[in-house]
Every structure is written in structure tokens, then in C-alpha cells.
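Architecture and fold: a report
Below are the chains, spelled out letter by letter.
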Protein chains: 2
Amino acid sequence: MERVLVSAPGKVILFGEHAVVHQKHAVAASLDLRTYLFLEKTSDTLCTLHLPDVDLEQRQWNLTDLPWSLASTTHGPGHPIQDMHPELEARLAAFLGEVPNWAQRQSLMAFFFLLLTLAPTSYHEKPTGFILAARSFLPVSAGLGSSASYSVALAAALLILFDYIPTDFLTSSDAAAHLEKINSYAYKAEQVIHGNPSGVDNAVAAYGGAKSFLKGQGFETLQGFQSLRLLLTNTKVPRSTNALVAGVGRRKEKYPQVINPIMDAIDAISLRCKEAFLAYHETRLDFDALLTELQELVDINHSLLYALGVSHPSLEKIRHISSNYKLNTKLTGAGGGGCAVTLIPNDADQLLIEAAVEALEKEGYDCYQTSVGGVGVAAVSLGETDSVEWMTKAAVSTLASKFSF
Amino acid sequence: MERVLVSAPGKVILFGEHAVVHQKHAVAASLDLRTYLFLEKTSDTLCTLHLPDVDLEQRQWNLTDLPWSLASTTHGPGHPIQDMHPELEARLAAFLGEVPNWAQRQSLMAFFFLLLTLAPTSYHEKPTGFILAARSFLPVSAGLGSSASYSVALAAALLILFDYIPTDFLTSSDAAAHLEKINSYAYKAEQVIHGNPSGVDNAVAAYGGAKSFLKGQGFETLQGFQSLRLLLTNTKVPRSTNALVAGVGRRKEKYPQVINPIMDAIDAISLRCKEAFLAYHETRLDFDALLTELQELVDINHSLLYALGVSHPSLEKIRHISSNYKLNTKLTGAGGGGCAVTLIPNDADQLLIEAAVEALEKEGYDCYQTSVGGVGVAAVSLGETDSVEWMTKAAVSTLASKFSF
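Residues numbered from 1 in each chain as written. Chains lettered and ligands numbered in written order. Predicted model: local features only at pLDDT ≥ 70, side-chain atom pairs only at ≥ 80, totals over all residues. Heavy atoms only, no water.

**Comments concerning the overall build of chain A**
Where we set the bar: What counts as a helix is a DSSP run of H or I of at least four residues, what counts as a strand is a run of E of at least two, and both are numbered from the N terminus. Note on method: radius of gyration uses C-alpha positions; expected globular size equals 2.2 Å times residues raised to 0.38. In what follows, a contact means two residues having at least one pair of non-hydrogen atoms within 4.5 Å.
Within chain A one finds twelve helices and twelve strands. A compact globule built from 405 residues would reach a C-alpha radius of gyration of about 22 Å, and chain A, at 22 Å, matches this within 12%. In terms of principal-axis extent, the alpha carbons of chain A reach across some 60 × 50 × 40 Å. Taking the contacts inside chain A whose residues are at least 6 apart along the sequence as the reference set, 75% of them involve residues at least 24 apart.

**Let's talk about the relation of the copies chain A and chain B**
Just so we agree on the cut-off: The copies were overlaid with a least-squares fit restricted to C-alpha atoms from residues scoring a pLDDT of at least 70 in each copy.
Of the transformation placing chain A onto chain B, the axial shift is 0.0 Å and the rotation is 180 degrees, giving an RMSD of 0.0 Å. On this basis, the relationship between the two copies can be described by a two-fold rotation axis. Taking C-alpha positions as reference, the residue of chain A nearest the rotation axis is Pro261(A), located at 2.4 Å. In this assembly the copies share their binding face: 100% of the residues contributing to the interface of chain A also contribute to that of chain B.

**Comments concerning the UniProt feature "domain: GHMP kinase C-terminal" (unreviewed entry) in chain A**
Filter applied, for reference: UniProt positions are given in the numbering used here, feature names are shortened, and annotations may be inferred rather than shown by experiment.
Within the UniProt annotation, "domain: GHMP kinase C-terminal" (unreviewed entry) is assigned to residues 290–357 of chain A. Annotation note: span residues 290–357 of chain A, helix share 56%, strand share 15%, distance between end C-alpha atoms 24 Å.

**Notes on the environment of Gln106(B)**
Residue and element names in this part refer to chain B. How we decide: Only protein chains enter the area calculation, which uses a 1.4 Å probe; residues under 20% of their type maximum are buried, those over 50% are exposed, and those in between are partly exposed.
Topologically, Gln106 is positioned in helix α2 (residues 102–118). Residue Gln106 is classed as buried on the basis of its relative accessible area of 7%. Not counting chain neighbours up to four residues away, the residues in contact with Gln106 comprise Val192 and Ile193.

**Re the interface of chain A and chain B**
When the parts of a complex come together, some accessible area is lost, and that lost area is often taken as the interface size. Our working definition: The term buried area denotes the loss of accessible surface (1.4 Å probe radius) that occurs when two parts are joined, taken as the sum for both partners. By definition here, a salt bridge exists when the distance from a side-chain nitrogen of Lys or Arg to a carboxyl oxygen of Asp or Glu is within 4 Å. Here a polar contact means two N or O atoms within 3.5 Å. Within protein one must be a hydrogen donor candidate and the other an acceptor candidate, and residues neighboring in sequence count only if both atoms are side-chain atoms.
The partner chain B presents 28 residues to the 28 residues of chain A that form the contact. Summing both sides of the interface, chain A and chain B together bury roughly 2,200 Å²; the carbon and sulfur share of this comes to 64%. Three residues, Tyr255(A), Ile300(A) and Tyr306(A), lead the burial of chain A against chain B; their summed loss comes to 27% of the area buried on that side. Taken together, the connections running from chain A to chain B amount to two salt bridges. Residues Lys254(B) and Glu296(A) are paired through a salt bridge, measuring 2.9 Å at the closest nitrogen-oxygen approach. Linking chain A to chain B there are ten residue pairs in polar contact (both at pLDDT 80 or more). Every element with two or more residues in the side of chain A that touches chain B is listed here: α7 (241–254), α8 (256–281), α9 (287–307) and α10 (313–324) of chain A. Counting residues per element, the side of chain A that touches chain B draws most heavily on α9(A), at eleven residues.

**Observations concerning the packing of aromatic side chains**
How two aromatic rings sit relative to each other is set out by the distance from centre to centre and by the angle between their planes. The following threshold applies: Aromatic pairing here means that ring centres of Phe, Tyr or Trp (its six-membered ring) are within 6.5 Å. Orientation follows from the plane angle: under 30 degrees is stacked, over 60 is edge-to-face, and everything else is tilted. Note on geometry: a ring has a charge over it if NZ (lysine) or CZ (arginine) is within 6 Å of the ring centre and within 35 degrees of the ring normal.
The final tally for this structure, using the stated rule, is 23 aromatic pairs over all chains. Relative to Phe112(B), the ring of Trp61(B) has its centre 5.4 Å away and its plane inclined at 80 degrees; by these criteria the two rings are edge-to-face. Here the residue Trp61(B) occupies a position in strand β4 (residues 56–62), and Phe112(B) occupies one in helix α2, the gap between them amounting to 51 residues. Each member of the pair, Trp61(B) together with Phe112(B), is buried. In this arrangement the basic side chain of Lys393(A) is found over the ring face of Phe137(A), its NZ or CZ atom lying 5.6 Å from the centre.

**Some thoughts on the pairing of strand β9 (residues 329–332) of chain A**
Residue and element names in this part refer to chain A. The test is simple: Two strands qualify as a pair provided DSSP detects at least 2 bridges between them.
For β9 and strand β10 (residues 339–344), the ladder comprises four bridges, and the chain directions are antiparallel. Bridged to Leu331 within β10 is Ala340. Between β9 and β10, which pair antiparallel in sequence order, lie six residues; one of them, Gly333, sits at a positive phi of approximately 90 degrees.

**Structural notes on the domain arrangement of chain A**
All names here are of chain A. Selection rule: For each domain, the first and last residues come from an automatic or database assignment. Three classes are used: nonpolar for Ala, Val, Leu, Ile, Met, Phe, Trp, Tyr, Cys and Pro, charged for Asp, Glu, Lys and Arg, and polar for all others, with Gly counted as polar.
Domain boundaries in chain A define domain 1 (3–221 + 375–402) and domain 2 (228–372). Taken together, domain 1 and domain 2 are joined by three salt bridges. Linking Lys274 and Glu220 is a salt bridge whose minimum nitrogen-to-oxygen distance equals 3.0 Å. The interface formed by domain 1 and domain 2 contains 13 residue pairs in polar contact (both at pLDDT 80 or more). Elements represented by at least two residues in the side of domain 1 that touches domain 2 include exactly β1 (3–15) and β2 (26–41). With seven residues, β2 is the single largest residue contributor to the side of domain 1 that touches domain 2. Looking at the side of domain 1 that touches domain 2 residue by residue, the class counts come to 15 nonpolar, eight polar and four charged.

**Quick look at unusual backbone geometry**
If a residue is not glycine, its phi is most likely negative; likewise, a peptide bond is most likely trans. Residue and element names in this part refer to chain A. In the Ramachandran plot, Gln23 falls in the positive-phi region, its phi being about 60 degrees despite a non-glycine side chain. Summarising the element assignment, Gln23 is placed in the loop between β1 and β2. You can call Gln23 partly exposed: its relative accessible area is 48%. Despite not being glycine, Asp55 has its phi angle at roughly 60 degrees, a positive value. The topology assignment puts Asp55 in the loop between β3 (46–51) and β4 (56–62). On the basis of relative accessible area, Asp55 is assigned to the exposed category, the value being 58%.

**Remarks on the pattern of salt bridges**
Note that side chains of opposite charge can pair when their charged atoms are close. Overall, the coordinates contain 32 salt bridges over all chains when judged by the stated rule. Note that Asp83(A) and Lys188(A) form a salt bridge whose closest N and O atoms lie 2.2 Å from each other. Remark: Lys188(A) occurs in helix α5 (residues 175–194) and Asp83(A) occurs in the loop between β4 and α1 (86–96); sequence separation between them is 105 residues. Here Lys236(B) makes a salt bridge to Asp366(B), at a shortest N to O gap of 3.3 Å. Of this pair, Lys236(B) sits in the loop between β8 (228–234) and α7 (241–254) while Asp366(B) sits in strand β11 (residues 366–372); the two residues are 130 residues apart in sequence, bridging distant segments of the chain. Residue class for Lys236(B) comes out partly exposed when judged on its relative accessible area of 46%. Using a relative accessible area of 29% as the deciding quantity, one classes Asp366(B) as partly exposed.

**Re the nonpolar core**
Within soluble globular proteins, side chains that are nonpolar generally end up buried alongside one another. The condition is simple: Within this scheme, the nonpolar core is defined by two criteria: the residues are buried Ala, Val, Leu, Ile, Met, Phe, Trp, Tyr or Cys, and they are joined through side-chain atoms within 4.5 Å.
Judged by nonpolar contacts, the single largest core of 130 residues is most densely connected at Ile262(A), Leu304(A), Ile262(B) and Leu304(B). The residues contacting Leu304(B), other than those within four sequence positions of it, are Ile262(A), Leu304(A), Ala307(A), Ile262(B), Ala265(B), Ile266(B) and Ile269(B).

**Focus on the UniProt feature "domain: GHMP kinase N-terminal" (unreviewed entry) in chain A**
When the UniProt feature table is mapped to this numbering, "domain: GHMP kinase N-terminal" (unreviewed entry) covers residues 128–209 of chain A. Along residues 128–209 of chain A the backbone is 54% helical and 9% strand, and the end-to-end C-alpha distance reaches 36 Å.

**A few points about the packing of α7(B) against helix α8 (residues 256–281) of chain B**
Residues and elements named next belong to chain B. Filter applied, for reference: Lines are fitted to the C-alpha atoms to define the axes, a helix being fitted only along its stretch in contact, and any angle between axes, read from their N-to-C directions, falls within 0 to 180 degrees. An angle counts as roughly parallel when it lies under 35 degrees, as roughly antiparallel when it exceeds 145, as roughly perpendicular when it falls between 65 and 115, and as oblique in every other case.
Contact geometry of α7 with α8 gives a least axis separation of 6 Å together with a crossing angle of 125 degrees. Judged by the angle between their axes, α7 and α8 are oblique. Contacts between α7 and α8 involve Val248, Arg251, Lys252, Glu253 and Lys254 on the former and, on the latter, Pro256, Ile259, Asn260 and Met263.

**Concerning the side chain of His22(B)**
All names here are of chain B. Structurally, His22 is set in the loop between β1 (3–15) and β2 (26–41). Here His22 falls in the buried class, since its relative accessible area comes to 17%. Apart from residues no more than four positions distant in its own chain, His22 is found in contact with Val248, Gly249, Lys252 and Met263.

**Overview of helix α11 (residues 350–362) of chain A**
All names here are of chain A. The criterion, for reference: By this rule, a helix spans an expected 1.5 Å times one less than how many residues it contains. Here, the arc refers to the directions that run from the helix axis to the C-beta atoms.
Here α11 contains 13 residues, and its C-alpha end-to-end distance of 18 Å stays within 8% of the 18 Å for a straight helix at 1.5 Å per residue. Along α11, the residues that are buried comprise Ile353, Ala356, Val357 and Leu360. Each buried residue of α11 sits inside an arc of 100 degrees when the element is viewed along its axis, so together they form one side. For α11, the exposed residues set more than 90 degrees away from the buried face come down to Leu351, Glu358 and Lys362.

**Quick look at the state of the cysteines**
Short version of the rule: Our working definition of a disulfide is a cysteine sulfur pair at a distance within 2.5 Å.
Under the criterion given, the structure shown has zero disulfides over all chains. There is no disulfide at Cys339(B), and the cysteine sulfur nearest it, in Cys367(B), is 10 Å away.

Here is the structure:
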């Protein structure tokens with residue numbers, strides 16, 4: 001490969017946020033707001049990065065300056081994936097020098113860690129250059145898995161660069177093994193970025209579709225999950241996930257007899273969602289009935305999150321506005337602001353949806369007409385003529401639309 | 001007695017509405033919006049009624065025209081209370097003639113049934129006249145027990161008229177037995193009015209304070225129940241209790257695994273309320289902590305009712321407005337409109353409460369600054385100089401304030 005375009009989706013929690021902390025099922029699905037990553041080999045030994053979303057433009061490093069001596073020789077697929085050694089972390093920090101913001105630092109640390117981890121020993125001795133550029137359509141710190149989307153795209157791009165997987169990994173006979181590799185390395189990058197991620201975000205970004213998950217028990221793919229139209233609304237109200245999670249914990253401790261059954265009810269909602277898709281898959285439920293169930297479950301789940309004390313006036317306003325258009329909305333993620341998801345029936349009148357969006361935007365919220373449950377990570381080789389203008393999202397969007405991902 | 005003023009409170013459900021239909025605990029408390037009833041003996045054989053709240057003013061009947069032959073001779077305290085015989089009902093209907101509205105018909109049927117049931121045999125032969133007037137401060141059909149309040153005041157007034165209980169029954173040594181008599185006859189009147197009442201409304205109107213109840217298991221008085229300030233807001237949005245109850249039933253049937261634990265959570269809220277008052281009673285909890293718990297439970301219970309699908313945009317608006325004043329609100333009763341209750345801390349800034357009321361009234365809602373948990377039915381002998389102007393609520397209010405009930 002000489003030039004490759006990779007992309008990976010974000011994620012939304014459809015059901016079970018907060019309850020998942022208390023050993024209950026949750027359901028997350030891929031969100032069709034994607035991170036795009038472009039990688040092109042060069043003939044020098046320079047690594048040129050464009051990460052405009054974290055305020056990094058056109059930075060260059062000489063690859064020969066990297067601390068290759070600390071990169072384990074037991075790295076790369078086929079070996080267990082190492083954690084980042086504290087000494088390596090310190091050396092990388094020194095290598096990067098002063099970094100203007102946390103997001104840029106984490107993005108660079110994850111990138112260089114994956115590079116050092118994945119490069120074969122031959123590359124240590126004679127690194128060849130490349131340009132890497134990334135651009136995300138996901139709002140950051142909004143609970144939509146923007147870092148996992150970046151980590152998955154990054155892992156895929158580097159695995160392709162070092163020929164561990166083909167560019168058309170999705171259509172190869174080993175697709176499952178390739179995806180597993182991408183997901184494993186993406187999880188490592190997520191660890192570098194977040195410390196102790198659940199692994200849900202990268203799994204959804206890698207595999208797409210929807211997953212149910214239960215703490216300590218891993219993930220299960222939702223059979224028959226159907227890509228659904230979704231209106232995502234970002235309140236832009238900042239909130240602390242930790243404080244919200246702690247608040248629910250306190251409420252549970254004070255009123256266990258009240259809160260425990262609420263957690264059970266949320267658990268049942270996630271399981272019912274899974275069962276509804278299975279029933280649809282097995283043609284025991286038609287699509288309209290499936291959508292009705294999902295809308296009812298959205299409504300009930302939001303109310304239960306409200307009972308846990310994690311809603312916010314902005315989220316209630318979005319619910320109120322969307323209900324005027326006969327649409328059902330719930331908060332997604334930690335709540336207390338953040339984002340809300342509104343299911344859109346496939347046959348909804350587009351004028352009605354536009355009117356709802358207008359009413360929401362009038363209140364100052366950002367709206368995204370997107371979908372959930374679509375494809376996970378994907379890659380394509382670019383021709384020489386495909387120009388890549390990473391500084392504008394419009395150009396990235398135009399390029400991506402050529403490959404329909 | 002020659003002239004007596006009787007009053008009885010309304011009721012609000014504090015916790016557990018809807019869940020009570022599904023064999024869960026609920027808590028109801030007396031509401032200090034009362035029905036006042038005045039009774040004065042006359043020297044003729046006429047019964048003169050003023051019931052302005054049901055559009056009946058200054059109607060007279062000759063008591064000798066009543067179907068006394070059908071009134072059981074085994075009536076009155078000491079005998080089991082009879083149901084209204086269909087023949088008696090038909091005769092009473094004929095006696096009343098055309099009645100302009102349902103509320104007036106039920107009020108008159110209940111009154112004449114209690115009169116025929118309670119009058120001793122000697123009275124059958126030689127009835128002596130009286131004037132009876134009633135006025136209620138309770139909005140009707142708002143789930144606030146206005147009919148039970150009327151039934152209880154009516155039963156007490158007639159039991160006093162026929163000397164079965166003294167006017168100062170509350171302070172007599174037999175107070176408990178007197179209240180039980182009043183409550184039993186009030187329940188019969190409620191049956192005439194409603195067909196199949198739960199008995200909660202009349203028990204709360206008779207005894208005051210707060211009761212927890214469980215279908216088929218009767219009532220339990222909440223120990224240590226403290227009279228609490230309450231803001232009652234009437235959305236005036238009409239709704240069908242039957243349709244709302246049926247809607248919850250359908251949701252429970254469709255999603256039993258989701259809705260059953262929600263019912264359990266509501267059950268736990270009612271029991272926690274009971275336990276909180278007991279803890280306060282036994283000085284294990286101070287008043288501020290009690291109020292904090294009640295406010296949190298109000299918030300959670302409302303959210304769960306929202307999950308059951310019985311909230312309404314008007315109720316959410318009231319919650320939103322009151323939350324701007326740091327006040328917690330829940331719907332009370334069937335929901336889908338109707339009334340909302342807002343707990344007011346005893347030491348709340350009155351200017352703040354007035355501001356909240358103004359904001360709510362601006363939206364077109366009716367607000368009542370009242371209290372819950374106060375005294376039940378009470379009576380007092382009136383002096384010759386106490387004039388009774390039943391046509392204006394202000395006059396009734398002035399009279400009642402002289403006796404502080």
C-alpha cells in the first residue's frame with residue numbers, strides 16, 4: 001500500500017448507561033459519525049502528522065530519533081500485547097517535548113506507542129517515513145467514543161502499514177482475525193489515552209453494529225441489529241462523568257430498596273432490546289413493531305435515568321421539543337447535559353425532522369442527523385489523484401463519500 | 001345541638017399512585033383544603049339544602065314525603081350498615097325528580113340515603129326540619145377526595161343530628177369509636193356516589209394524618225406523621241383515570257420484566273416514607289433530614305410515574321418551574337394532567353414561594369398553599385350570632401377561621 005484511507009465509527013449507548021456500573025446489561029451501537037485517517041508512505045525518514053482536531057497541524061519528527069531500543073522485540077501480532085512501560089512513557093514524553101493540551105498529548109502518546117509496538121525489528125533499524133492525518137466528525141468529550149474511533153482507525157492504519165493485515169481486510173477470508181487484531185491494538189491505545197477503558201467503545205468502533213455488555217463478562221453482538229436513523233443532539237452542557245456516577249452510587253446506597261429495582265428495570269430494558277432484534281431477525285417481529293418497542297424502551301429508560309438523578313433541564317427540553325414532533329428521546333452516556341438520542345422512524349417525513357432540528361438548534365443545541373448500527377472500521381487504497389485536504393471537514397466528507405463510508 | 005359546623009379535609013396521594021392498583025403500598029395524607037357543612041334544626045318538617053358547589057341553592061323538600069317505609073328499622077349505629085336497596089334507589093330517584101347534573105344527583109342520593117339510614121324509627125313518624133348547607137374548598141374531579149370530604153362531613157353532621165355522637169366527639173373519651181362510626185357511614189355514602197371506592201379517601205378525611213395502604217389489607221396510620229407545608233398545583237388538564245390506569249396495565253403486560261421492578265421501586269418508596277416518619281417519631285432522624293428524604297422520594301416517585309407513561313407536559317412544566325425555586329414536585333393521583341404536589345420546607349422564604357406561585361399561575365395553573373397531615377373531621381356548635389353566608393367561600397372561610405379548622 002502507498003496511500004490508504006481508514007475510518008471508524010463512534011458509539012452511542014442505546015440502553016443501560018449507569019446501570020452498567022452496577023453489574024447490569026447495557027447496549028451500545030456504532031454511530032455513523034466517523035473518524036477518518038489518511039496514511040501515505042514517503043521516501044524520507046520523517047513522520048508528518050496532521051491532527052487538526054487536537055490543534056496539531058503539520059508537525060514533523062525524524063523517525064530515527066524514536067527510542068527504538070525500548071520497543072520490545074516481542075511486539076507485533078503473534079505476541080502478547082505489552083502495556084506501555086513507564087520508562088518508555090517517560091522517554092516518549094521527552095521526545096514530544098512541550099504539548100499544548102491534554103487531548104493532543106494523549107493522541108500523540110497513543111500513536112507513538114502503537115508505532116513502537118507494531119513496527120517490526122527491521123523497521124527499528126531503517127524506518128521509512130509517512131504522512132498521517134486524522135479528522136473526526138465526532139464531538140469530543142461527549143460520550144460518543146471519539147478517542148476509540150481514533151484508536152481503532154490508527155491501529156488499522158498501522159497494521160496495514162506494516163503489512164500485518166491487507167487494506168481490504170474486511171472482505172478477506174480472515175476478516176474476523178483481522179478485526180480482532182485491530183480491536184486488540186486499539187484497546188491498548190485506549191489504555192494509553194484513558195488508563196482503564198471498558199473496551200466497549202473500541203469494540204463497537206471496530207466491529208460496528210450493536211453489542212450488549214455486562215461488566216466482567218465481555219460483549220455479545222446483537223443478532224439482527226438493524227441500522228437505524230438517529231438524531232443526535234449535543235446540549236454542549238459540560239458535566240463530570242465521575243461526579244454523576246458517584247451521585248448515582250450515593251443514591252443507591254441511601255435508598256437500596258428503591259434504586260436496586262430501578263437497576264433491574266434498566267437491565268430488563270437492555271435485554272428486551274436484544275430480544276426484540278432477535279425476534280426481528282427471526283421474523284417473529286416486523287420492523288414497525290420493533291421500532292415501536294425501541295421507542296417505548298427509549299422513553300422508559302430515560303425516565304429511569306431521570307429517577308437516578310442524572311437528567312438535566314436541557315435534556316428535558318430536548319425531550320419536550322422532540323415529543324412535539326412525536327419523536328422519543330433519551331439521554332445517552334453519563335447525562336447531566338451531554339448528548340441525547342432520538343430514534344427516527346425510517347419512513348418519517350423529512351420535513352418534520354427538519355422542523356424538529358430547527359427547533360432544537362434554535363435552543364443552541366448541535367444536531368446530527370446520522371444513524372446507528374452501521375459498519376465498523378473500514379479501509380480503502382487511494383489513487384494518486386485523490387487529493388487529501390485534511391484541514392476542512394467538507395473535503396474529508398467529499399472524499400469519504402466516494403467510498404461510501 | 002341546634003346549630004353545628006362540621007368540616008373534613010381532602011386527601012392527596014403522597015406516594016404510590018398506580019402502583020397501588022398492582023398490589024403495592026401507597027401513602028395518602030389529609031389535605032387542608034376542607035369541606036364545610038352547616039346544619040341547623042328548624043321547627044317545621046322541611047329539609048332545606050344549599051349545595052352551591054353542585055349548583056343547588058335553597059332547595060326544599062318536605063321530610064314527610066320521604067320513602068320512610070323502605071328505610072330499614074335495623075338501621076343506625078349498633079346495626080350492620082345496609083347497602084342501598086335498588087327499590088330505595090328507584091324511590092329516591094323519583095322523589096328527587098329531574099336533577100341537572102351528575103354531581104348534584106350523587107350528592108343528594110348520598111345525603112338522603114344517609115338520612116334514611118340513620119334516622120331512628122321515632123323520626124320516621126315525626127320528622128323535624130333542618131337546614132343543611134355545604135361548601136368545599138377542594139377542586140372537584142381532581143383526585144383530591146372532594147366527595148369523601150363531603151361524605152365524612154355529612155355522616156358526622158347526621159350522627160350529631162340524631163344524637164349518636166356528641167358535637168365535641170373529637171375530645172370525648174370515646175373519640176376513636178365516634179370516628180369509626182363516622183368513617184363507616186361515610187364509606188356507605190362514598191359507595192352511593194362512586195360504586196366501588198377504595199375507602200382510602202374517607203379514612204383520611206375522617207382520621208386526618210397519613211395512612212399507608214395496600215389493596216385488600218386495609219390501612220395503617222403513619223406513626224409520627226408531621227403536618228407538612230404543601231403547594232398544590234392544579235393543571236386543570238382533564239384526564240380519564242380509567243384510561244391512565246389501563247395504559248399502565250398494558251405497559252406492564254407488554255414489558256413485565258421492566259415494569260414489575262418499577263412497581264417494586266415505588267412500593268419501596270412508600271415503605272421508606274413510612275419508615276422515615278417512624279424514625280423521626282423515635283428521634284432517629286431530625287426534621288431537616290426527614291424533609292430531605294421526602295423531597296428525594298418525591299423526585300424519584302415522579303420519575304417512575306413518568307416511566308409508567310402517566311406524566312403530562314403540564315406536569316413536567318410545573319416540575320421545571322418549581323425546580324427553579326429549588327422545590328421538588330410530583331404528580332399526585334392518576335396523572336396525565338390533574339394535580340401536582342410540591343413540598344415546602346417549613347423555613348422556606350415566603351417571598352420565594354410567592355414567586356414560584358406567581359410563575360405557576362402565569363402558566364394558567366391554580367395554586368393552593370396548604371398543608372398535609374392535619375386534623376380529620378371536626379365539629380363545633382355555633383352561637384346564635386354566627387351568621388352563615390354559604391354562597392361565598394370568603395364568608396365560610398372567615399367563619400371557619402374562628403374555630404381554626
